[in-house]
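Residues per chain are reported as follows:
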Amino acid sequence: MDQPNFITPAGYAVLRAEYDQLLGEERPRIVDVVAWAAGNGDRSENGDYIYGRKRLREIDRRLGWLAKRMQAARIVDPARAPDKSRVWFGCTVTIADEDDHRRVLTLVGDDEADAGAGRIGWNAPVARALRGAAVGDTRRVTLPGGACDYEVIAISYPD
């Protein structure tokens, strides 16, 4: 990875919890099922064995991905931001377009982005355009649907 994987402490905790759940609970349970199914004889038509092996591969692939993301993670606590008057990682920003439609967005790590909940990834086009902006600044964002200008209305950081 050429860019650091910025993540909030809460986002890192979610990744860690998924890793621990897969490694400590689900994988051992599936290993037991596969071992039991293998002892039943013919494996070519044994659904428990075939599905279990497939599920183990999926779990191992996900564990590898989670391990890489956690290893590359740079945990950033937004409450400790040195300049809270500008848009930086972890802030919640209110923006308005030309028609005064307002949106409230929180800039989070790419692994914790959820556009439906207003959390956008740090490397999303809107987040890149807003980086470093202060209240009153206007930024042009190039989106697939065309360019749009957004004005920064408010900036806040968690306590």
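See the structure shown above.
First things first, this report covers the structure right here in the doc. (Residues numbered from 1 in each chain as written. Predicted model: local features only at pLDDT ≥ 70, side-chain atom pairs only at ≥ 80, totals over all residues. Heavy atoms only, no water.)

This part is about helix H1 (residues 9-38). With 30 residues, H1 should reach 44 Å at 1.5 Å per residue; the first-to-last C-alpha distance of 42 Å fits that figure. Summarising the contacts, the buried residues of H1 are in contact with strand S1 (5-7) and helix H2 (47-72). (Helix = DSSP H or I, 4+ residues; strand = E, 2+ residues; numbered from the N terminus. Expected span 1.5 Å × (residues − 1). Contact = heavy atoms within 4.5 Å.)

Right, let's talk about the sheet that holds strand S3 (residues 92-96) for a bit. Taken in spatial order, the five strands make up an open sheet running S5-S4-S3-S7-S6, and their pairing is mixed. Strands at the two margins of the open sheet, each flanked by one partner only, are strand S5 (119-121) and strand S6 (138-143). The sheet shows a mean angle of 45° between the axes of neighbouring strands, direction not considered. By the bridge criterion, three bridges tie strand S4 (residues 102-108) to S5 in an arrangement that is parallel. When the sheet's bridge partners are listed, valine 108 is paired in S5 with glycine 121. (Pairing = 2+ DSSP bridges. Axes fitted to C-alpha atoms, helices over the stretch in contact; angles between N-to-C directions.)

Summed over all chains, the structure comprises three aromatic pairs. With a centroid separation of 5.9 Å and 45° between ring planes, the pair formed by phenylalanine 6 and phenylalanine 89 is classed as tilted. With phenylalanine 6 in strand S1 and phenylalanine 89 in the loop between strand S2 (73-75) and S3, the pair connects residues that are 83 residues apart, well separated along the chain. Ring centres 6.4 Å apart and planes at 85° place the aromatic pair phenylalanine 6 and tryptophan 122 in the edge-to-face group. Residue phenylalanine 6 is found in strand S1, and its partner tryptophan 122 is found in the loop between S5 and helix H3 (125-130); the two are separated by 116 residues along the sequence. One aromatic cluster in this structure is built from Phe6, Phe89 and Trp122. (Phe/Tyr/Trp six-rings, centres within 6.5 Å; stacked < 30°, edge-to-face > 60°.)

A few words on the nonpolar core. Judged by nonpolar contacts, the single largest core of 21 residues is most densely connected at Val87 and Val93. Listing elements by their share of this core, those giving two or more residues are S3, S4, H3 and strand S7 (146-156). Those residues in contact with valine 87 that lie beyond four places of it in its chain are Val93, Leu107, Leu130, Arg131, Gly132, Ala133, Val152, Ile155 and Tyr157. Core analysis: the second largest hydrophobic core is formed by 15 residues, Ala38, Tyr49, Leu63 and Leu66 among them. (Core = buried A, V, L, I, M, F, W, Y, C linked by side-chain atoms within 4.5 Å. Buried < 20%, exposed > 50% of the residue type's maximum accessible area, 1.4 Å probe, protein only.)

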